[in-house]
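# What the coordinates show
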Amino acid sequence: MSAARHVAIIMDGNGRWAKKRHLPHVVGHQRGVEAVRRLVRGARDFELEALTIYAFSTENWRRSEEEVSSLMGLMKRFILSDLEEMAENNIRLKIIGDYKAFTPDVVELIEKALARTADNSGTILAVALNYGAQDEIARAAAAAAAKGEVTPETIAAELDTADLPPLDLLIRTSGEVRLSNFLLWQAAYAELYFTDVLWPDFTANHLKEALEEFANRERRYGGR
Ligand code: V0D
């Protein structure tokens, strides 16, 4: 019946993947980036309108300085290596969260990537960077109040995701069953899908299985 338009993913399990193999944490993140690449290609193949990924939470600053800086390096390398392919595949990049808190070189690179894909009309890749849902909701409510009317509709219109289709499916890998301050408002009517697969092992086929499960649930329970 209805296919998913907007899918979000909490990409958990890089550390656990590395630990299982007695490899450094950062190798898990590196393999996690490869899974992101597969996922973005899959999102385009499955004609998703939007894919939102939780790349860096406001809580992630509490990780070791070493891990934070290796994540920043990975992000920079991902943008440098993958921006052209994404741009040519009509993907439009969007950032949710306060990316301006990152170092100037990272901010500059992100802005270059946003500008490079701004005129694209295909799948939106929304990357949550320095993002926290409670903060997002508080900011949206304050913006709605400043305009004089606070309702669910006026708050929703101020969220970072206001220009994306409604969230259909939220996937979390690696067996944890929590939302961890990700898209709390948007998850109100979303289907939740939890899998034990660790993020570096997540393939386009796992995405396909999740999308099929979503379509089946829609068939069983009907629309909203
Ligand atoms: C590492 C697993 C893509 C989680 C996935 C530091 C942690 C890979 C991006 C990204 C990260 C893509 C486009 C863009 C900016 C970032 C990314 C981070 C971490 C944040 F414009 N993967 N990825 N960003 N990991």
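Everything below is about the structure shown above.
Rules of the game
- Residues numbered from 1 in each chain as written.
- Predicted model: local features only at pLDDT ≥ 70, side-chain atom pairs only at ≥ 80, totals over all residues.
- Heavy atoms only, no water.
- Helix = DSSP H or I, 4+ residues; strand = E, 2+ residues; numbered from the N terminus.
- Rg over C-alpha atoms; globule rule 2.2 N^0.38 Å.
- Buried < 20%, exposed > 50% of the residue type's maximum accessible area, 1.4 Å probe, protein only.
- Contact = heavy atoms within 4.5 Å.
- Lys, Arg positive; Asp, Glu negative; His and termini not counted.
- Charge placed at Lys NZ, Arg CZ, Asp CG, Glu CD.
- Polar contact = N/O pair within 3.5 Å; in protein donor to acceptor, adjacent residues only side chain to side chain.
- Pairing = 2+ DSSP bridges.
- Axes fitted to C-alpha atoms, helices over the stretch in contact; angles between N-to-C directions.

Per the secondary structure count, the protein includes 7 helices and 6 strands. Listing each helix as α and each strand as β along the protein from the N terminus yields β-α-α-β-α-β-α-β-α-α-β-β-α. In summary, the protein has a C-alpha radius of gyration of 17 Å against a globular reference of 17 Å for 224 residues, a match within 12%. Projected onto its principal axes, the C-alpha positions of the protein cover 50 × 40 × 35 Å. Residue burial in the protein is summarised as follows: out of 224 residues, 48% are buried. In the protein, the share of contacts with a sequence separation of at least 24, taken over all contacts with a separation of at least 6, comes to 76%. Separation of charge centres in the protein, based on 28 positive and 34 negative side chains, amounts to 4 Å.

This next bit is on the side chain of D168. Relative to the elements of secondary structure, D168 occurs in the loop between α6 (152–156) and β5 (169–172). Polar side-chain contacts of D168 include one of 2.5 Å to the backbone nitrogen of R5.

Sheet strands line up and pair through hydrogen bonds in the backbone, either parallel or antiparallel. Taken in spatial order, the 6 strands make up an open sheet running β3-β4-β2-β1-β5-β6, and their pairing is parallel. Each of the sheet's edge strands pairs with one partner strand only, and the pair in question is β3 (92–96) and β6 (191–194). Each adjacent strand pair in this sheet contributes to an overall mean axis angle of 20 degrees, direction not counted. As judged from the 5 bridges shared by β3 and strand β4 (residues 124–131), these two strands associate in the parallel manner. In the sheet register, L93 faces β4, and the bridge partner there is L125. Contacts between helix α2 (residues 25–45) and the sheet are confined to β1 (6–10), β2 (50–57) and β4, with β2 contributing the most and set at about 160 degrees to the helix. Seen against the sheet, helix α7 (residues 204–221) touches β1, β5 and β6 and runs at an angle of roughly 140 degrees to β6.

Here the focus is the environment of D82. For D82, the location among the structural elements is in helix α3 (residues 65–88). Judged by its relative accessible area of 4%, D82 falls in the buried class. The spacing of D82 and V197 is 115 residues in sequence and 24 Å in space, taken between C-alpha atoms.

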